[in-house]
Amino acid sequence: MNAHDDRTIDEQIRASLPDTVPPLVEQRLRLQLSDFRSRLTALDRANDRPARLWAPPRRWKIGLVAATAALALFAINLALRPSLGFAEVAAAVLRQPWIHVRTVFADKHVVEGWYSPGKDLAASVSPDSIQFQDYRVNLNYSYDPAKRTLYRLPECRPAERGFIESMIAVLGVIAQKEHVPGKPLEELTFLGRYWGQMKVLDQQLEKVTENGQPWLDYRLTVSRSDLPDPLQMLFRVDAKARLLRLCRVTGREKGQPATCEMQFDYPQTGPADIYAVGVPRSAPLVDRVPAGDLKRIFDSLRAGRERMDNYRAICVDIAEGIDNDWWTNETPRLFYRKGDRFRSDGVIARPGDAAPSKPAADADMGKWWHNRLASFRCYPHTVIRGSTTYHSRVAPVTDPDGSQHVDLVSVDPSESSGEIFPAEYSMMPEFGCRPPTGIGGQDSEPVINLHPADGPKGCILLSVRYTSQRDRINGKGIGIPDESRFWLDPARDDIVLRWDILHFDASGKETPVAGGSYTVEETARSPQGVWYATKIRRKNAGRTAGGKAIDDVYHLYVDFDADLPDKLFDPPRPGRIQ
Amino acid sequence: MNGSSTAYEQIIGPLENRMIRTVWRITRNRQDAEDALQNALLAVWKRWDRVVRHRTPSALVLKMCVDAAYDVLRQRLRTRRKVGGIDSRAEPIDNTPDPPDGLAARERSAEMLEAIQGLSRRQATALLLRVFEDLPYEEIATAMGCSAATARKHVERGRARLQIVLARYEPSRIARSSP
């Protein structure tokens, strides 16, 4: 058979099986690919995830530190039906009806947690809170012992089960293989990499027998650049069942030896509901799961935040009410978004840069500010990757010749659960008109008024009263306000056109908070149709001139065509700001 | 390569269309195409490190798609034989302008798929990568873990088997050569 024949036959084979994919099929297959890509992205996030090994986390709920890393890894493994190697062993060790963890902290306070991988339930008991999370329906039951009140809340904390799963599974795999991992920090995903601050000094795996019971002890010594002394970790695994039984972390806190110990066991049964972990059945139940109009608003605001297109935005805060050479005095802020990654840049003026001329009245201000950025050095102030926020700190450094430059001196990673709001959200196009409302919060009481007497025309009013004494707003305006009022525009996907925060004095008299009134004065739609703010006025922002209040006005210039390479969202690294 | 998402953009991203077309060509119904792509992505996931380090990652990924689609195809045909002659999951709607032609085309597709299913796995993989993806023998060989000569041999044998089916439809063009 010659080449010509081959080509003819190949053509016929191709003609027999045309590759025109029906649009519906193509759409569904593309969704699969998109899903796969996002899982890989999640893996990246998992690898970047920092651990909080030592400081007990503020949001301790089911007995362990929150570390979404493992969850991401496991979600991938489980969703893709693994059958070999790591995933197989991991799945085997996770085939436990219940996992129970008892944690004793360095200060001796105890937290107990239960988790069922099969049932997808979790519970925890700590001195200040009792929680029961049903991941299947994404409901969280939370009991406040101080108020003796039980709350039904709309969202579980997804991060909190991952740590348990990962720790048990990874140690199960190590026990199965009976050798230490080649790259411990990469394989012990629950530790995270603490972003370059952690280094493995030593690791050992040894078989020990105590009272006739064989154990595999995996010992790990790590240093962390932010801690003066190394951390010693012991993971004790049942050599027969390959199940983790103990994790003990030893180090020093404030110069004193400190130990945190977690004991694992695997009972056949666990708590069926929150009452099974000590909540009195007589406790009143407050349902905070939004329904009806509240749910619509909750979903609509969140959808707008999540579905916003990728962009680069320049925000300029210009004070109105005083004579101000804003084109010289004001510095732009830079925001980037790509999917669930965000970055905000601080800017530093370049030395010796000439003051710009006032732009013409009809100038394209977005372009003008874009060009103006050339006069500044930009540095990543915060980078958000999924649930992890990297916050950088800068400081002036004196060179040997006496001159000064600015260094990015440190980067602090932190974890958040639930929806993420960037620190400067009020200056960002999608968040500025969709601030956090508190709907679904344990201590928030929302009320809707469909026909408010005041506020922007055509808007409905959402008032949210804060009912807890914790973290209340103080005289400086810091903290959670006593009440927030949001005027939402149903004609523009419920974006917030005005937002006031208030507090009440001892007599119950309403007092506006200085700088606590935002009005969205101009909006636009993204290429995908998401409404966003382009001009926001912050009234009476705490400054006066000649007795007259000064408003801060945020002007937002959004570029949806900007180049957004992935490296833009890499965690910042300390070093000289160029 | 740093970062799985970066690797995705560099390896899978440019292949997305070909992956979709590959699984569709072989499976030819939505459910099977979804299953095949899912299995292919699972295979890619499990061998991600290997994919990233592979000399010709695109060929390897396409091979995984072909393998996955071929497995689904075999499974479907096996089930059909057990259950009876009718493939309950075949495409139900005929959108062709001329239904008789469409019927003939579908019949021919079905026979071709049956013939492909009758090839050995390696023959089918090599042939499909060569014919549909137009991969050079060297890349097929690298993806399959064999020599280029072996890959060529697989393609030739597979082609000869399929020629018999084709000869039934276009004897004048095909029958000049005998397998």
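Please read all numbers here as calculations on a predicted model, not as lab measurements.

1. As for the overall build of chain B
- Counting its regular elements, chain B contains 10 helices and zero strands.
- Element order for chain B, N to C, with α for helix and β for strand: α-α-α-α-α-α-α-α-α-α.
- Within chain B, buried positions represent 50% of all 179 residues.
- Accessible surface computed for chain B: about 8600 Å², of which carbon and sulfur atoms make up 48%.

2. Brief notes about the pairing of strand S22 (residues 495-504) of chain A
Residue and element names in this part refer to chain A.
- Burial analysis of S22 places seven of its 10 residues in the buried class, which makes it a mostly covered element.
- Of the pairings in the sheet, the one linking strand S21 (residues 483-489) to S22 comprises seven bridges and is antiparallel in character. Residue pairing across strands places Glu483 opposite Leu502, the latter belonging to S22.
- Hairpin connection, S21 to S22: the antiparallel pair is bridged by five residues, and Asp493 has positive phi, about 55 degrees.
- What sits between the antiparallel neighbours S22 and strand S23 (residues 510-525) is a turn of five residues, in which Gly508 has the positive phi angle 90 degrees.

3. Focus on helix H2 (residues 16-27) of chain B
Residues and elements named next belong to chain B.
- When the terminal C-alpha atoms of H2 are compared, their 17 Å separation across 12 residues agrees well with the 16 Å that a helix rising 1.5 Å per residue should span.
- Every buried residue of H2 is accounted for by Met19, Ile20, Thr22, Val23, Trp24, Arg25, Ile26 and Thr27.
- At the exit of H2 stands Arg28, carrying a positive phi of roughly 65 degrees.

4. As for the nonpolar core
- Ile13 of chain A together with Ile12, Met19 and Ile116 of chain B are the most contacted members of the largest nonpolar core, which totals 64 residues.
- It is helix H5 (residues 57-83) of chain B that provides the largest number of residues to this core, a total of 13 residues.
- Setting aside residues no more than four positions away along its own chain, Met19 of chain B makes contact with Leu33 of chain A together with Ile12, Leu37, Leu41, Val61, Leu62 and Cys65 of chain B.
- Ala313, Ile384, Tyr425 and Met427 of chain A belong to the second-largest nonpolar core, a separate cluster that totals 43 residues.

5. Remarks on the pairing of strand S11 (residues 256-265) of chain A
All names here are of chain A.
- The pairing of strand S1 (residues 99-104) with S11 spans five bridges and is classified as antiparallel. Bridge pairing in S11 places Val101 opposite Phe264.
- Pairing analysis gives eight bridges linking strand S10 (residues 244-253) to S11, with the strands arranged antiparallel. Bridging across to S11, Gly251 finds its partner in Ala258.
- Counting the residues that bridge the hairpin from S10 to S11 gives two residues, and of these Lys254 lies at a positive phi of roughly 50 degrees.

6. Structural notes on the confidence of the model for chain A
All names here are of chain A.
- Averaged over every residue, the pLDDT of chain A is 81; residues scoring 70 or more account for 83%.
- For chain A, the element scoring lowest by mean pLDDT is helix H3 (residues 68-79), at 32; strand S14 (residues 333-338) scores highest, at 95.
- Residue range residues 45-85 is modelled with pLDDT below 50. Its contacts to residues more than four positions away, or to other chains, number 134 contacts.

7. A look at the pattern of salt bridges
All names here are of chain A.
- The full count for this structure, using the stated rule, is 39 salt bridges over all chains.
- A salt bridge links Asp229 to Arg252; the nearest nitrogen and oxygen atoms lie 3.8 Å apart. Separated by 23 residues along the polypeptide, Asp229 in the loop between strand S8 (213-224) and strand S9 (231-238) and Arg252 in strand S10 bring together distant segments of the chain.
- Under the relative-accessibility criterion, Arg252 is labelled partly exposed at 40%.
- The salt bridge partner of Asp399 is Arg576, with a shortest N-O separation of 3.7 Å. One end of the pair, Asp399, is in the loop between strand S17 (388-398) and strand S18 (404-415); the other, Arg576, is in strand S28 (residues 575-576), and 177 residues separate them in sequence.
- Judged by its relative accessible area of 16%, Asp399 is buried.
- Take Arg576: its relative accessible area is 48%, and that puts it in the partly exposed class.
- The network of salt bridges with common partners includes Glu206, Glu210, Asp217, Arg219 and Arg236.

Reading the values: rules and limits
Residues numbered from 1 in each chain as written. Chains lettered and ligands numbered in written order. Predicted model: local features only at pLDDT ≥ 70, side-chain atom pairs only at ≥ 80, totals over all residues. Heavy atoms only, no water. Helix = DSSP H or I, 4+ residues; strand = E, 2+ residues; numbered from the N terminus. Buried < 20%, exposed > 50% of the residue type's maximum accessible area, 1.4 Å probe, protein only. Areas by Shrake-Rupley, 256 points an atom, 1.4 Å probe, with all protein chains shown as cover. Pairing = 2+ DSSP bridges. Expected span 1.5 Å × (residues − 1). Core = buried A, V, L, I, M, F, W, Y, C linked by side-chain atoms within 4.5 Å. Contact = heavy atoms within 4.5 Å. pLDDT = per-residue confidence, 0-100. Salt bridge = Lys/Arg side-chain N within 4 Å of Asp/Glu carboxyl O.

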